[in-house]
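Understanding the architecture of this molecule
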Amino acid sequence: MARPSTRRLSGMRLILRQTLSGPQALAFLPAVALAAFWLGGEGWLLLAALFVPAVYAVAGSFSDPGPVADGPRDSTTGLPLREALVSALDDRMDMARVRGRATACFLVTLDDFDQIAERYGFSAAEDVLARTAERLCSAVRGGDIVCRTGTESFGIALGSTAHLDLEIAIQIAARLQSAVEEPVALGASVAYVSCSIGFCLGARAPDTTGQALLAAAEQALAEAQRNAPSAIRAYSPDMSRPVPARAIGLDDLAAALEAGQIVPFFQPQVSTDTGRVTGFEALARWCHPERGVVLPGQFMPLLESHGQMGRLGEVILTHALRALHGWDAAGLDVGSVGVNFSPAELRDPKLIDKVRWQLDRFDLAPERLTVEVLETVIAASPDDGVVRNVNGLAALGCRVDLDDFGTGHASISATRRFAVSRLKIDRSFVMKVDRDPEQQKMVSAILTLAEQLGLETLGEGAETRGEHAMLAQLGCGHVQGFCIARPMPVEQTVDWIRMYEAGLSTATPIGRRAS
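Analysis parameters
- Residues numbered from 1 in each chain as written.
- Predicted model: local features only at pLDDT ≥ 70, side-chain atom pairs only at ≥ 80, totals over all residues.
- Heavy atoms only, no water.
- Axes fitted to C-alpha atoms, helices over the stretch in contact; angles between N-to-C directions.
- Helix = DSSP H or I, 4+ residues; strand = E, 2+ residues; numbered from the N terminus.
- Parallel < 35°, antiparallel > 145°, perpendicular 65-115°, else oblique.
- Left-handed = near helix turned anticlockwise from the far one by under 90°.
- Contact = heavy atoms within 4.5 Å.
- Buried < 20%, exposed > 50% of the residue type's maximum accessible area, 1.4 Å probe, protein only.
- Phe/Tyr/Trp six-rings, centres within 6.5 Å; stacked < 30°, edge-to-face > 60°.
- Lys NZ or Arg CZ within 6 Å of the ring centre and 35° of its normal.

**A closer look at the packing of helix α17 (residues 437-453) against helix α18 (residues 465-474)**
- With their axes 10 Å apart at the nearest point, α17 and α18 run at an angle of 45° to one another. Accordingly, the angle class assigned to the pair α17 and α18 is oblique. In the packing of α17 onto α18, the handedness of the crossing is right-handed. Taking contact as the criterion, the partners of Q440, V443, S444 and L447 in α17 are, on α18, M470, L471 and L474.

Rendered as structure tokens:
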């Protein structure tokens, strides 16, 4: 007779384990004892007492698969290796098949890791890997398994759970990414890392094996790396084929807007004087059911070409003001939220009434909303309707930020024609400002102009602590960029604010020197 396959034995073992686990087992044991005593007296009761523990030993653990069994571990991080990840995924896929539980595989890789080694040295690069491992282990649940799968890559086998859908998985991926991308202190230096993530839900894997689930997650990771840095992608069966740009249609976008898939991610803005959070900018992201988080450059042109930017603007404004209302309710001091207004929205004769209604809806004062307008719009627009709306919103009490300043060739007179409150210095001037004297001269000139015009300033796209410090030294009032935090879902903002504010009490303000 042919012997049963290993996978079949594993499935039988899981059924037995589930039958004898949890509350049902506690009800089962007295029944066995009573039946044994009734049928055979004390002798049979003694045999039952010996038999039941033996059955438990065969069945294995009393719960879902937990930590990976002892085996080879990575010397740098102390994590189990790829083989352990496959084994853990096998267990979880079996659990999904036998008991209808859900699982997923997440793969995390550090972007441009070789540059960290080149800049800081091999020892520092190993420290980054060790810290990444610690952060991933801290960000997962007790039943999840973290393994090292490559030079700069990590894998996570999600512990089996009753419910897991794409939205929850994207939130998990965003939480992992946020944990990994915190700055890493390397002696007197600070390394800023980013990571890309690919994942696959167990229910979407092409087969029921752990290896198939891992291979699907690897395809998603490859897609994320093509869109790095900081990309997140979910597995879909067509990932092995190039996706034409026209694959995203207007109907898809309309459905996404109605389904609530296009939402703002929030990036904080901080004062260079106090270090405190002074606001967030709301940035549109599409949480696509197959592609993961899609950046606006991949879908906004289609909306714009079909006159749908107004609808997108309404959605983002509603979510942004709802988030601001939520921060107030949580007792958090967030000054304002910035929302980008497209040229089409700024020409809408009903714009001011719509904004006023939304502010009243969430019981917010107008100064809590920052209207972000591209410099190119001001430079190129003779439209009196745009002028009336921008100035009307300013008269209502809203702040007006002139976005990407320095790229649109707006004249001083045009700047004054609009009631602008603050200039946002474009990231092209901020890049390497701590190392490039020419960049410093450009930024200084913009800051001098702003001072003469009585305008506040904010430096966009500061990616390093050095850029942040130089902006503060030059006199820029506020900073926004990856060196503070990457754009995050609203669900992560409360914890981030509290953690960031708590850290201010022990940190030296970046614009000042320690005494």
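**A few points about unusual backbone geometry**
- For S230, which is not a glycine, the phi torsion comes out positive at approximately 60°.
- Within the secondary structure, S230 is located in the loop between α7 (210-226) and β7 (232-234).
- For S230, a relative accessible area of 19% gives the class buried.
- Positive phi, normally seen in glycine, also occurs at K432, with a value near 60°.
- Among the secondary structure elements, K432 is positioned in the loop between α16 (427-430) and α17.
- By relative accessible area, K432 is classed as partly exposed at 46%.

**Quick notes on the packing of aromatic side chains**
- Within this structure, the stated rule accounts for 7 aromatic pairs.
- For the pair F106 and F199, a centre-to-centre distance of 5.2 Å together with 25° between the ring planes defines the contact as stacked. Here F199 lies in strand β6 (residues 195-201) and F106 lies in strand β1 (residues 104-110), a separation of 93 residues in the sequence.
- Among the residues examined, F199 registers a relative accessible area of 0% and is labelled buried.
- Centroid distance F280 to W496: 6.2 Å. Interplanar angle 75°. Geometry classified as edge-to-face. Here F280 is found in strand β9 (residues 277-288), whereas its partner W496 is found in helix α19 (residues 490-504), with 216 residues between them in sequence.
- The buried category is assigned to F280, whose relative accessible area is 0%.
- Ring pairing ties together the aromatic residues F266, F280, W327, W496 and Y500, which thus form one cluster.
- In this structure, R486 packs its charged tip against the face of F482, placed 3.8 Å from the ring centre.

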